[in-house]
Amino acid sequence: MLGKSVLRLLGRTGASRLSLLEDFAPRYYSSGSLSARDDARDARAYFTTPIFYVNAAPHIGHLYSALLADALSRHRRLRGPSTAATRFSTGTDEHGLKIQQAAATAGLAPTELCDRVSKHFQQLFQEAGISCTDFIRTTEARHRVAVQHFWGVLKSRGLLYKGVYEGWYCASDECFLPEAKVTRQLGPLGDSFPVSLESGHPVSWTKEENYIFRLSQFREPLQRWLRGNPQAITPEPFHHVVLQWLDEELPDLSVSRRSSHLHWGIPVPGDDSQTIYVWLDALVNYLTVIGYPNAEFKSWWPATSHIIGKDILKFHAIYWPAFLLGAGMSPPQRIYVHSHWTVCGQKMSKSLGNVVDPRTCLNRYTVDGFRYFLLRQGVPNWDCDYYDEKVVKLLNSELADALGGLLNRCTAKRINPSETYPAFCTTCFPSEPGLVGPSVRAQAEDYALVSSVATLPKQVADHYDNFQIYKALEAVSSCVRQTNGFVQRHAPWKLKWESPVDAPWLGTVLHVALECLRVFGTLLQPVTPSLADKLLSRLGVSASERNLGELYFLPRFYGHPCPFEGRRLGPETGLLFPRLDPSRTWLVKAHRT
Ligand code: MSP
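Thresholds applied
- Residues numbered from 1 in each chain as written.
- Predicted model: local features only at pLDDT ≥ 70, side-chain atom pairs only at ≥ 80, totals over all residues.
- Heavy atoms only, no water.
- Helix = DSSP H or I, 4+ residues; strand = E, 2+ residues; numbered from the N terminus.
- Buried < 20%, exposed > 50% of the residue type's maximum accessible area, 1.4 Å probe, protein only.
- Contact = heavy atoms within 4.5 Å.
- Areas by Shrake-Rupley, 256 points an atom, 1.4 Å probe, with all protein chains shown as cover.
- Lys, Arg positive; Asp, Glu negative; His and termini not counted.
- Charge placed at Lys NZ, Arg CZ, Asp CG, Glu CD.
- Pairing = 2+ DSSP bridges.
- Near = heavy atom within 4 Å.
- Polar contact = N/O pair within 3.5 Å; in protein donor to acceptor, adjacent residues only side chain to side chain.
- Nonpolar A, V, L, I, M, F, W, Y, C, P; charged D, E, K, R; others polar.
- Salt bridge = Lys/Arg side-chain N within 4 Å of Asp/Glu carboxyl O.

Undergrad: What am I meant to see in the overall build of the protein chain here?
TA: Within the protein chain, the secondary structure is distributed over 18 helices and 19 strands. In terms of its C-alpha atoms, the protein chain occupies a principal-axis envelope of roughly 90 × 50 × 40 Å. Burial status across the protein chain gives 59% buried among its 593 residues. Counting contacts in the protein chain only where the partners sit at least 6 residues apart, residues at least 24 apart contribute 79% of the total. Accessible area of the protein chain: about 24000 Å², with a carbon and sulfur share of 53%. Taking the 64 positively charged and 56 negatively charged side chains of the protein chain as two groups, their mean positions are separated by 2 Å.

Printed below as a string of structure tokens:
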């Protein structure tokens with residue numbers, strides 16, 4: 001049984017925002033500090049999303065899972081070192097009772113349904129800029145080879161036996177449930193039917209002879225793994241939940257179904273009367289992608305980070321590591337867990353008609369706008385509520401007004417007629433705060449700004465490591481606000497280039513603001529790739545100058561040369577992010593498969 005605190009964690013809605021920026025002492029951010037640490041880590045990184053069921057078209061929750069993985073892998077690629085290799089896989093989960101039943105209901109052959117919906121996912125991910133290196137479908141021949149090989153390894157290690165399984169099965173969740181996790185729900189006619197306590201989906205009683213996996217043997221090894229790797233499951237509350245689950249009994253697990261009942265799947269090797277359990281089939285996708293069972297997979301395993309939703313934690317944090325340990329392999333390095341999107345406070349569901357179509361959102365809010373919204377508002381620890389007004393408000397205030405306005409203020413011809421990155425004057429803005437002199441213009445708040453932006457890349461990297469991408473964006477946004485405050489304070493529009501007194505300070509104000517914008521643009525690349533490209537191109541930052549390893553912020557302040565000083569800005573290509581019209585908001589209605 002789940003404890004109360006566990007249920008709260010897995011089911012709580014309504015996010016609250018934790019804050020925020022810690023007070024960092026001024027310090028020069030050098031590329032060395034970030035990439036040197038990365039050098040010490042494994043050069044390879046493999047990110048995965050869950051593979052998506054093809055029983056229905058994708059919704060924003062699916063896109064969110066994929067975006068989190070996309071942002072993590074993009075950030076990792078930017079971080080280097082340049083020799084590091086990053087792989088990022090996603091795909092579709094096409095076997096099992098759920099798909100078999102969905103195809104029958106739609107009057108389609110299962111392959112037809114799979115082809116159709118898998119294509120939807122591929123198109124959506126392409127449109128949304130999901131930079132996956134691999135897309136796997138579990139109906140591919142390479143996957144069948146991997147699953148059957150994996151099965152053979154478990155069998156040869158004495159971990160599978162035949163036995164009778166009797167109990168509840170939930171086809172929607174594709175899982176077996178103990179009595180304690182089943183409750184009764186009233187139907188429209190006052191009749192009651194059994195449902196899963198956690199998901200609310202209907203369950204049915206099954207009794208059949210299956211292959212059973214000796215899961216019970218893995219309770220202690222799993223506890224040792226989790227206790228020895230406190231970062232294995234992030235955020236921490238989910239790590240805690242899994243340890244709590246492991247305090248309870250861990251029964252053996254049925255890992256096949258009678259083929260007469262479930263024909264849509266991979267047959268058990270040597271026994272066609274049984275089909276392999278869809279979760280065992282699906283989890284092995286993470287190995288298929290990296291070439292398993294060929295030895296090449298070893299260069300990617302276990303340097304793996306699985307990104308998953310909270311509803312599939314048990315499968316990834318208990319079953320999967322147990323299968324791997326059973327097959328003589330290590331559990332994955334990291335499991336990053338996120339919560340769910342609700343719509344106007346309700347769970348998204350076809351029957352409620354409140355499923356939000358991600359393609360409509362991408363069209364309406366632009367790809368970068370919607371990516372920014374989901375990643376800025378999505379809090380892994382808690383469920384988040386979706387409604388359109390929230391998107392419009394956030395994007396107008398943070399991308400259009402704050403960031404776009406800042407860029408405009410520093411690059412507009414009337415303020416920056418030469419359209420260059422102006423020179424930084426060290427006498428106007430000495431590196432020692434508190435100096436006084438006739439030409440010193442910088443104030444205490446200006447030093448605070450430099451300090452905030454100098455430490456921002458490290459802070460952002462830490463938030464990515466802790467799977468708190470929304471905090472990384474919150475930190476960037478806070479620095480954007482601070483930079484706007486800096487520009488407002490010194491009102492460069494009131495200073496004159498013709499005045500020998502004003503000119504060095506005017507150039508310095510613009511130089512500092514442009515340097516801040518360069519940092520923001522670089523850090524936003526994993527989340528808003530096109531918008532960041534537009535921003536950096538406008539600043540004249542070349543493609544080879546956009547890595548985190550080369551991000552030397554405001555070098556002139558620290559006595560180093562600045563490669564951008566005196567450089568021409570890039571061409572003006574219009575507003576960074578045009579404001580959205582708030583009167584045009586509506587709640588996006590359901591879509592159909
Ligand atoms: N096929 C399994 C995963 C197998 S992985 C070896 C599955 N598929 S799913 O399509 O149901 O879910 C895929 C992902 O979408 C999961 O991470 C799930 O948590 C996520 N989401 C589904 N609904 C969601 C929301 N409403 N909000 C956020 N994410 C949600 O489970």
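Undergrad: I keep staring at the sheet that holds strand 11 (residues 253-254) and nothing clicks. Help me out?
TA: Backbone hydrogen bonds hold the strands of a sheet together, and the pairing may be parallel or antiparallel. Read from one edge of the open sheet, four strands run 6-5-9-11, paired in antiparallel fashion. Where the open sheet ends on each side, the last strands, each with one partner, are strand 6 (175-177) and strand 11.

Undergrad: Help me out: how do you make sense of the site of the ligand in this one?
TA: The environment of the ligand is formed by 24 residues, the closest being I51, D93, G309, D311 and W341. At 2.8 Å from an oxygen atom of the ligand is found a main-chain nitrogen or oxygen belonging to G309. A total of 660 Å² of accessible area belongs to the ligand in isolation, and the protein chains cover 93% of it. Within the residue set of the shell around the ligand, elements represented by two or more residues are strand 2 (52-53), helix 3 (60-79), helix 9 (278-283), helix 10 (285-288) and strand 15 (304-309). Looking at the shell around the ligand residue by residue, the class counts come to 12 nonpolar, 10 polar and two charged.

Undergrad: Can you walk me through the pattern of salt bridges in this structure?
TA: Between side chains of opposite charge, pairing is possible as soon as their charged atoms come close. Inspection of the entire model under this criterion finds 25 salt bridges. The residue D134 makes a salt bridge to R87 at a minimum N-O spacing of 3.1 Å. Of this pair, D134 sits in strand 4 (residues 134-137) while R87 sits in strand 3 (residues 85-93); the two residues are 47 residues apart in sequence, bridging distant segments of the chain. Across the pair, exposure class does not vary: D134 and R87 are buried alike. Taking the shortest distance from any N to any O, the salt bridge between R567 and E545 comes out at 2.8 Å. Note that R567 is positioned in the segment after helix 18 (529-539) and E545 in the segment after helix 18, a separation of 22 residues in sequence. Salt bridges here are not isolated pairs; linked through shared partners, they connect K413, E419, R538 and E572.

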